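Structural description and commentary
Spelled out from the first residue to the last, the chains are:
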Amino acid sequence: MRKQSITFLEQLLSAPSPSGYEQPAQRLFRDYITPYCQVSSDVLGNVYGFIPGQGKDRPKVMLVGHSDEIGLQIKYIDDKGFLYFAAIGGVDAHLTPGKVVNIHTTNGPLAGVIGKRPIHLMDGKDRETVVKLDAQYIDIGAKDKKEAQKLVRVGDCVTFASCFTRLQGDRVASRGFDDKAGAFVVAEVLRLVAAEDKKLPVDLYGVSSVQEEVGLRGGTTSSYTVNPDIGICVEVDFATDQPDVERKHNGEVALGKGPILPRGANINHELFELLYTSAQKDKIAVQLTAAPRATGTDANVMQISRNGVATALVKLPLRYMHTPVEVLSLADLEAAAKLIVAALKRIKTKDAFVPR
């Protein structure tokens with residue numbers, strides 16, 4: 001992966017962006033795509049990049065990846081200055097105790113730790129019990145409530161203090177790959193398309209959406225705004241090449257073996273075949289999974305926006321989803337961007353995706 005793209009990915013992952021608080025990440029996305037396309041935003045915070053195509057009656061294609069991540073939000077400050085919080089998105093209560101966090105205040109990030117009673121002071125039953133999130137608390141070292149209130153306000157968002165870490169080969173770990181990895185791929189597609197000598201046969205919209213983790217909200221409004229004929233959502237999916245995941249129920253998915261193309265009710269069959277055929281012709285490895293129900297992604301709301309959209313998913317294999325140490329392969333990100341560009345070049349007409 002080129003150096004500038006890696007730098008952008010690291011910056012995007014470092015930027016705090018819990019659902020509803022995405023703008024630090026969105027500003028980075030906006031700045032990165034500005035040289036390659038026309039850029040706009042909306043009142044919800046979605047960012048749009050637009051590259052016009054050529055030809056008559058060309059279809060509108062929308063790519064979307066969401067920029068928001070899971071996180072925490074301050075709900076209450078007690079008399080001793082400890083901060084109680086709630087989850088933004090699907091936060092696992094098993095993981096939070098003992099973590100270093102950043103509280104994003106008006107005056108910038110403030111370090112804290114999620115405290116936990118020492119194992120020496122627990123009886124056997126307590127050691128086997130997960131402490132509920134509403135009983136956990138953040139310690140910022142304040143001496144009392146008054147001091148804490150000078151630093152933190154109720155409603156401030158919180159992120160885990162994990163950072164982009166290189167593992168072996170092209171494997172990397174970070175919080176927030178769900179789904180800044182998808183937003184990154186959307187940005188890379190815009191960059192690659194802008195570098196092409198020939199314009200695409202489609203009008204291309206690349207969207208970094210918001211508030212996916214709390215109800216697919218940005219995907220809903222951006223799909224309505226763009227009103228695409230064809231939509232591709234770029235998301236992450238569960239890698240099953242770790243020891244404790246059941247392949248019979250989740251499919252056979254591994255890091256480094258290419259992006260995932262799901263099949264199912266949320267996926268337009270003709271668009272799936274276009275992506276699959278493009279992968280074969282351009283020698284891009286892909287993996288297949290089954291999605292017999294709703295996928296729980298922005299593809300859900302895109303598919304049923306207005307009078308319906310021919311929709312597909314390109315997913316990225318990810319280990320340890322919704323933890324501060326999500327792991328993926330950089331090669332899979334590059335392959336996903338190349339696959340989408342290859343498919344965009346082969347789109348003929350919007351009518352080609354109407355079932356017959």
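Residues numbered from 1 in each chain as written. Predicted model: local features only at pLDDT ≥ 70, side-chain atom pairs only at ≥ 80, totals over all residues. Heavy atoms only, no water.

1. Considering the overall build of the chain
Short version of the rule: Helix numbers and strand numbers start at the N terminus; a helix is a DSSP run of H or I with at least 4 residues, a strand a run of E with at least 2. We compute the radius of gyration from the C-alpha atoms alone; for a globule the expected value is 2.2 Å times N to the 0.38, where N is the number of residues. The criterion used for residue contact is that any of the two residues' heavy atoms lie within 4.5 Å. Counted as positive: Lys and Arg. Counted as negative: Asp and Glu, with His and the chain ends omitted from the count. The atoms used to mark charge sites are NZ of Lys, CZ of Arg, CG of Asp and CD of Glu.
Each helix and strand counted, the chain has 10 helices and 17 strands in total. The C-alpha atoms of the chain give a radius of gyration of 21 Å, which matches the 21 Å a tight globule of 356 residues would have. Structurally, the chain occupies a C-alpha span of about 70 × 45 × 40 Å along its principal axes. For the chain, contacts bridging at least 24 residues in sequence account for 76% of all contacts bridging at least 6. The distance from the centre of the 44 positive side-chain charges to the centre of the 42 negative ones in the chain is 3 Å.

2. Some points on the packing of aromatic side chains
Inclusion rule: Stacked, tilted and edge-to-face pairs are distinguished by plane angle, under 30 degrees for stacked and over 60 for edge-to-face with tilted covering the rest, among Phe, Tyr and Trp rings (Trp via its six-membered ring) whose centres lie within 6.5 Å. With a 1.4 Å probe rolled over the protein chains alone, any residue whose accessible area is under 20% of its type maximum counts as buried; one over 50% counts as exposed, and the rest are partly exposed.
Within the structure shown, the criterion is met by 8 aromatic pairs. A ring pair is formed by Y76 and Y84, whose centres lie 5.9 Å apart and whose planes are at 45 degrees; its orientation type is tilted. Residue classification places Y76 among the partly exposed residues on the basis of a relative accessible area of 42%. Overall, Y84 belongs to the partly exposed group, its relative accessible area being 24%. Residues Y84 and Y137 carry aromatic rings whose centres are separated by 6.0 Å and whose planes lie at 55 degrees to one another, so their mutual orientation is tilted. In this pair, Y84 is assigned in strand β5 (residues 83–88) and Y137 in strand β8 (residues 137–139), connecting sequence segments 53 residues apart. We classify Y137 as partly exposed; its relative accessible area is 26%.

3. As for helix α2 (residues 23–33)
We apply this condition: An arc is given here, and it is the one of the directions from the helix axis to the C-beta atoms.
For α2, every residue scored as buried is listed here: A25, Q26, F29, Y32 and I33. Viewed end-on, α2 has its buried residues packed into an arc of 125 degrees, placing them on one side of the element. Buried residues in α2 make contact with α1 (3–14), β1 (38–41), β2 (47–51), α5 (177–194) and β12 (203–209).

4. Some words on the nonpolar core
Where we set the bar: Only buried residues count toward a nonpolar core. Its members are Ala, Val, Leu, Ile, Met, Phe, Trp, Tyr and Cys residues joined through side-chain atoms within 4.5 Å.
Counting 72 residues, the largest nonpolar core has F177, V185, V189, L204, L333, I340 and L344 as the members making the most contacts within it. Ignoring any residue separated from it by four or fewer positions in sequence, one finds I340 in contact with L63, V185, V189, I232, V234 and V314. Ranked by size, the runner-up nonpolar core spans 19 residues in total, among them I77, L83, I140 and V152.

5. A word on the packing of α2 against α5
Just so we agree on the cut-off: Here, axes are lines fitted to C-alpha atoms. For helices the fit covers the stretch in contact, and angles between N-to-C directions go from 0 to 180 degrees. Note on terminology: angles under 35 degrees are roughly parallel, angles over 145 are roughly antiparallel, angles of 65 to 115 are roughly perpendicular, and the others are oblique. It is the rotation of the near helix from the far one that decides the hand of a crossing: anticlockwise by less than a right angle makes it left-handed, clockwise makes it right-handed.
Running from N to C, α2 and α5 point in directions that differ by 15 degrees, and their axes come no closer than 10 Å. On the basis of their axis angle, the class for α2 and α5 is roughly parallel. When the axes of α2 and α5 are compared, the crossing they make is right-handed. Of the residues in α5, those in contact with A25, F29, Y32 and I33 of α2 are K180, A183, V186, A187, E188, L190 and R191.

6. With respect to the sheet that holds strand β10 (residues 165–166)
Heads up, the condition is: The criterion for strand pairing is that DSSP finds at least two bridges linking the strands in question.
Reading across from one edge, β10-β11-β17 is the order of the 3 strands in this open sheet, with antiparallel pairing throughout. The sheet is open, and its two borders are formed by β10 and β17 (326–329), each paired with just one other strand. As paired elements, β10 and strand β11 (residues 171–174) share 2 bridges and run antiparallel to each other. If you follow R166 over to β11, its bridge partner there is V172. Across the sheet, α5 lies against β11 and β17, angled at about 30 degrees from β17, the strand it touches most.

7. A word on the sheet that holds strand β7 (residues 108–114)
The sheet built from 6 strands closes into a barrel, its strands ordered β4-β5-β8-β7-β6-β9 with antiparallel pairing. On average, each strand axis in the sheet is inclined to that of its neighbour by 45 degrees, with strand direction left out of account. Across 2 bridges, the pairing between strand β4 (residues 71–77) and strand β9 (residues 157–160) is antiparallel. Looking at the pairing, Q73 lines up with C157 of β9.

8. Quick word on the pattern of salt bridges
Basically, it comes down to this: Here, a salt bridge means any side-chain nitrogen of Lys or Arg that lies within 4 Å of a carboxyl oxygen of Asp or Glu.
Across all of its chains, the model carries 11 salt bridges by this definition. For the salt bridge of D237 with K315, the shortest nitrogen-to-oxygen distance reads 3.7 Å. Here D237 is found in strand β13 (residues 230–238), whereas its partner K315 is found in strand β16 (residues 310–318), with 78 residues between them in sequence. Neither D237 nor K315 differs from the other in exposure class; each is buried. In this structure, the salt-bridge partner of R247 is E252, at a minimum N-O distance of 3.4 Å. Each of E69, R175 and K180 takes part in salt bridges that share partners, so that together they form one network.

9. A short note on the packing of α5 against helix α10 (residues 330–345)
Applicable threshold: For this classification, the nonpolar set comprises Ala, Val, Leu, Ile, Met, Phe, Trp, Tyr, Cys and Pro, the charged set comprises Asp, Glu, Lys and Arg, and every other residue, Gly included, is treated as polar.
Where α5 contacts α10, the two axes come as close as 9 Å, and the packing angle between them is 50 degrees. Regarding the angle of α5 to α10, the classification is oblique. With respect to the hand of their crossing, α5 and α10 are arranged in right-handed fashion. Within the contact between the two elements, α5 uses A181, F184, V185, E188, V189, L192 and V193 and α10 uses L333, A336, A337, I340, V341 and L344. By residue class, the composition of the contact of α5 with α10 is 12 nonpolar, no polar and 1 charged.

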